[in-house]
Every structure is written in structure tokens, then in C-alpha cells.
Amino acid sequence: MEQTKVISHRGGNATLPCKFHREFSSGTDNSPKTRIKWTKLTTDYLKEIDVFVAMGNHQKSYGSYHGRVFLQEASNRDASLIITDITLDDYGKYKCEIIEGLEDDTGVVTLDLQVMSGDTGLLLVVGLRDSEKGGRDLAGVVGLGDSHVGSGVVFPYFPRMGRYNLNFQEAQQTCQNEDAVIASFDQLYDAWRGGLDWCNAGWLSDGSVQYPITKPREPCGGKDTVPGVRNYGLRDKEKGRYDVFCFTSNYKGRFYYLIHPTKLTYDEAVQACLKDGSQIAKVGQMFAAWKLMGYDRCDGGWLADGSVRYPISRPRRRCSPDEAAVRFVGFPDKKHKLYGVYCFRTYN
């Protein structure tokens, strides 16, 4: 049974290869005796998510995969699965199982929306410094390579209430709220190889808590340590409280700064986007627009989570002078009439 990694992007299609070699007595893939089953593996190894089942001419897809998955059927030994209109939630490991009577073959295929690393190009900088807990450095930098090559971006996130306030389930939901998913270790590792440096531990999809360091220093494991992804190990998913690393990819829509005659409160910002036929943009959409499209705007604007940020791809005085960056202003009082707004319009 073949095992491999397949790389795709949100909205695209992918074929997960699965070719069995055993000579089943049924002889053809249409035999009612042969059962092909695809499941998605989870961090809970006792639980698998049903994706697709075929037995003879009978085929069934499940849940969010309904109507999006099909067998390739290139030959009578081909059980490869085609997934269409890929979503961020689709990435991960899939198991292909061929069953006939008491005999079976299994294999695992990884579907990845991979961050492209590189030595040159844009840098992601979320610039702020925590005044609590000894002034721990919160400035993070990630090398993004060619902005037209990468298929996604990993970004660290913490909510309005501050650092280290999310358990695992809340971390998952938080990323989803920002048009993203909780990042995998492979995605964080690729981002670290590209230059991501973030001195705050965050949840990953496997339930571990880790953080990437490219510039060792005292508050971040010690200045005499080697660069790497620091690993706190698996943590209690209910009681553990950390930040989270999210992953987002390309999108179908338009991200833009709304030209408006006055500055806006948060509620006014939400309504202004709706009046313009859009919705207030999410953090993940800003990161994707900045990284994939080179979006640049030197105006702080409200986002859906109540934060104010602005993306700079061309460093200049008064607008992130040293680095291309997504700048984080903070979580201001929503009644303050000090900022503009970034909107997002979905393309059908």
C-alpha cells in the first residue's frame, strides 16, 4: 500500500493515492465483496472520522466531505480518493483501508497545506512587548519567502483577555473564528525554518504546546541554547492555558481597507462593512492577504475580533520602517472612534 504526502491549497483539488497489490479473489473494484474505506485520523488515536466508503457500485461520503470526495478508479486496483474544493479543515492524515473478508490492506496519506519557507522575502512581525511577567518579549518574526509561492501562513494568536488564556478546545475555536485552523507541528516547523521567532508557547493540533525560537535569549529558554522549536509536550486539554498557533491559506474573496469619511467605533466599523456589501475582516484574512497578495496599508483598522492591526509589505518611515510586517496595535476600547476598518467580501 502506497504512503505519501500530498500538498494542495484551499479551494483546490487533491488526489490521495491508494493502490492495493494483494490479489483479492473478487478480481475487480466493483465486486460487492471488496470494501474501500477512507477515514481521517485525529489526535485521539481511538477515534477516526468517516470520509468515504465504497462497496461494489454503492458509494457514500460523510459529513463535510459529502459531495466533495470520489474514487479515482484509474484501474481495478486503484482506491485513490479525489477531494475537491479543499478547506482548511481537510488537512491532516487519512487512512485508506481495503477489506475483503478477513483480509485487509491499509495505508496512510498526509494532505498538507504547506507553508513555503525561504531565505528572502517578506517578514511577518507582530510587534509588541508584554509589560507583565518580567517584560517577556512578544515580538515574532517569520520569513515568508516569495509572496507568490507560499500557500499559507502560520501566525501566533492570543485573545483580548491576554496571553495564556486558552485551553485546547478554545484554541481550536479561536483559530476557526479567524478564518484559520490550529496549526500542525509540521506547519510550525516549516515556519520556524523560514524564520518564525515567537517567545510564547501555543497549542498545536496534536495537543502539544510549543514555540519557535530562531534567536535564543534569556526569557526564551536561555541565550546559550540552540535555535529550535521548544516543546512543552502534551498538556491537559481542559486545564492547560496557552496561546495558539493558527494556520490559514488562500481565500476566495476581496480583502480591503474601507475608505470612510470618519474614524469609527467597533460597532460602526461592523455596520460600515455590511453597508458596503461585505463583512468586517478576520485576522487570518489579513495575514493571508498580506502574505499571498503583498497587501500594504499604513492605517490601523478594526478586525472582527476587536483588535486593531495593519499590514505593511513595503517598509517605510512611520509604517514599520525596518521590516515588512503585520503590526498589532492592540485591543482598544470598542467605543473609541480612532480607527478605520478592514472588510472582506466573499466571492461565490
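Residues numbered from 1 in each chain as written. Predicted model: local features only at pLDDT ≥ 70, side-chain atom pairs only at ≥ 80, totals over all residues. Heavy atoms only, no water.

## As for the confidence of the model for the protein
Summarising the model, the protein shows a mean pLDDT of 85, and 84% of its residues fall at 70 or more. Predicted confidence is poor over residues 24-30, with pLDDT under 50, and the contacts of this stretch with residues over four places away or in other chains come to 18 contacts. (pLDDT = per-residue confidence, 0-100. Contact = heavy atoms within 4.5 Å.)

## Description of the layout of surface pockets
Gaps left between atoms show up when a probe the size of a water molecule is rolled over them. Considering only enclosed or pocket space, the largest pocket measures out at about 1,000 Å³ in volume. The wall of the largest pocket is formed by 30 residues, among which Lys40, Leu41, Thr42, Thr43 and Ser205 lie closest to the centre. Contributing elements (two or more residues each) for the lining of the largest pocket: strand 3 (35-41), strand 8 (92-100), strand 9 (103-112), helix 1 (168-177), strand 13 (181-182) and helix 2 (185-193). Element by element, the count of residues in the lining of the largest pocket is highest for helix 1, at 4 residues. (1 Å grid on protein atoms, 1.4 Å probe; cavity = no way out; pocket = protein on both sides within 12 Å on 5 of 7 lines; lining within 4 Å. Points joined across faces, edges and corners; volume = space filled by probe spheres on them. Helix = DSSP H or I, 4+ residues; strand = E, 2+ residues; numbered from the N terminus.)

## Here's the deal with the pairing of strand 4 (residues 48-55)
Pairing analysis gives 7 bridges linking strand 3 to strand 4, with the strands arranged antiparallel. Paired with Leu41 across the two strands is Glu48, which belongs to strand 4. Inspection of the sheet shows strand 4 paired to strand 5 (residues 58-61) by 4 bridges, in the antiparallel sense. Across the sheet, Met55 pairs through a bridge with His58, a residue of strand 5. Connecting the antiparallel pair strand 4 and strand 5 is a turn made up of 2 residues, with Gly56 showing a positive phi of about 65°. (Pairing = 2+ DSSP bridges.)

## Concerning the sheet that holds strand 7 (residues 81-83)
Strand order in the open sheet formed by 3 strands is 2-7-6, with antiparallel pairing between adjacent strands. Either end of the sheet is taken by a strand with one partner, and the two such strands are strand 2 (14-16) and strand 6 (69-71). Strand-to-strand, the axes of this sheet are offset by a mean angle of 25°, without reference to chain direction. In this structure, strand 6 lies alongside strand 7, joined through 3 bridges in antiparallel fashion. Among the inter-strand pairings, Phe70 is bridged to a residue of strand 7, identified as Ile82. (Axes fitted to C-alpha atoms, helices over the stretch in contact; angles between N-to-C directions.)

## Some remarks on the state of the cysteines
Scanning all chains against the criterion turns up 5 disulfides. In this model, Cys175 is linked to Cys246 through a disulfide, with the two sulfur atoms separated by 2.1 Å. With the S-S bond torsion at -80°, the cross-link from Cys175 to Cys246 turns out left-handed. With a gap of 71 residues between them, Cys175 in helix 1 and Cys246 in strand 17 (residues 243-249) connect regions that are remote in the sequence. According to the relative accessible area criterion, Cys246 is buried, its value standing at 0%. The disulfide bridge from Cys199 ends at Cys220, spanning 1.9 Å between sulfur atoms. Between Cys199 and Cys220, the S-S dihedral sits near -120°, and the bridge is therefore left-handed. (Disulfide = S-S within 2.5 Å. Buried < 20%, exposed > 50% of the residue type's maximum accessible area, 1.4 Å probe, protein only.)

## Comments concerning the environment of Gly301
Within the secondary structure, Gly301 sits in strand 20 (residues 301-302). Exposure remark for Gly301: the relative accessible area of 0% places this residue in the buried category. The spatial distance from the C-alpha of Gly301 to the C-alpha of Val329 is 9.1 Å, given a sequence separation of 28 residues.

## A closer look at the nonpolar core
Trp38, Val244, Phe245, Phe255, Val341 and Tyr342 are the most contacted members of the largest nonpolar core, which totals 94 residues. Here this core takes 7 residues from helix 4 (residues 283-293), the largest share from any one element. Contacts of Phe255, omitting those with residues within four sequence positions, involve Ala281, Gln285, Met286, Ala289, Tyr295, Tyr342, Cys343 and Phe344. (Core = buried A, V, L, I, M, F, W, Y, C linked by side-chain atoms within 4.5 Å.)

## A few points about the packing of aromatic side chains
For the coordinates displayed, the defined rule picks out 19 aromatic pairs. Between Tyr164 and Tyr242, the aromatic rings sit 5.8 Å apart at their centres with planes inclined by 65°, giving edge-to-face as the arrangement. Taken together, the residues span a long stretch of sequence, with Tyr164 in the loop between strand 12 (152-157) and helix 1 and Tyr242 in the loop between strand 16 (228-234) and strand 17 at a distance of 78 residues. Given the relative accessible area of 17%, Tyr164 is considered buried. Judged by centre distance (6.1 Å) and plane angle (70°), the rings of Tyr232 and Tyr242 are edge-to-face. You can see Tyr232 sitting in strand 16 and its partner Tyr242 sitting in the loop between strand 16 and strand 17, a full 10 residues away along the chain. What makes Tyr242 buried here is its relative accessible area of 11%. Above the face of the Tyr266 ring, Lys334 is positioned so that its terminal group lies 4.3 Å from the ring centre. (Phe/Tyr/Trp six-rings, centres within 6.5 Å; stacked < 30°, edge-to-face > 60°. Lys NZ or Arg CZ within 6 Å of the ring centre and 35° of its normal.)

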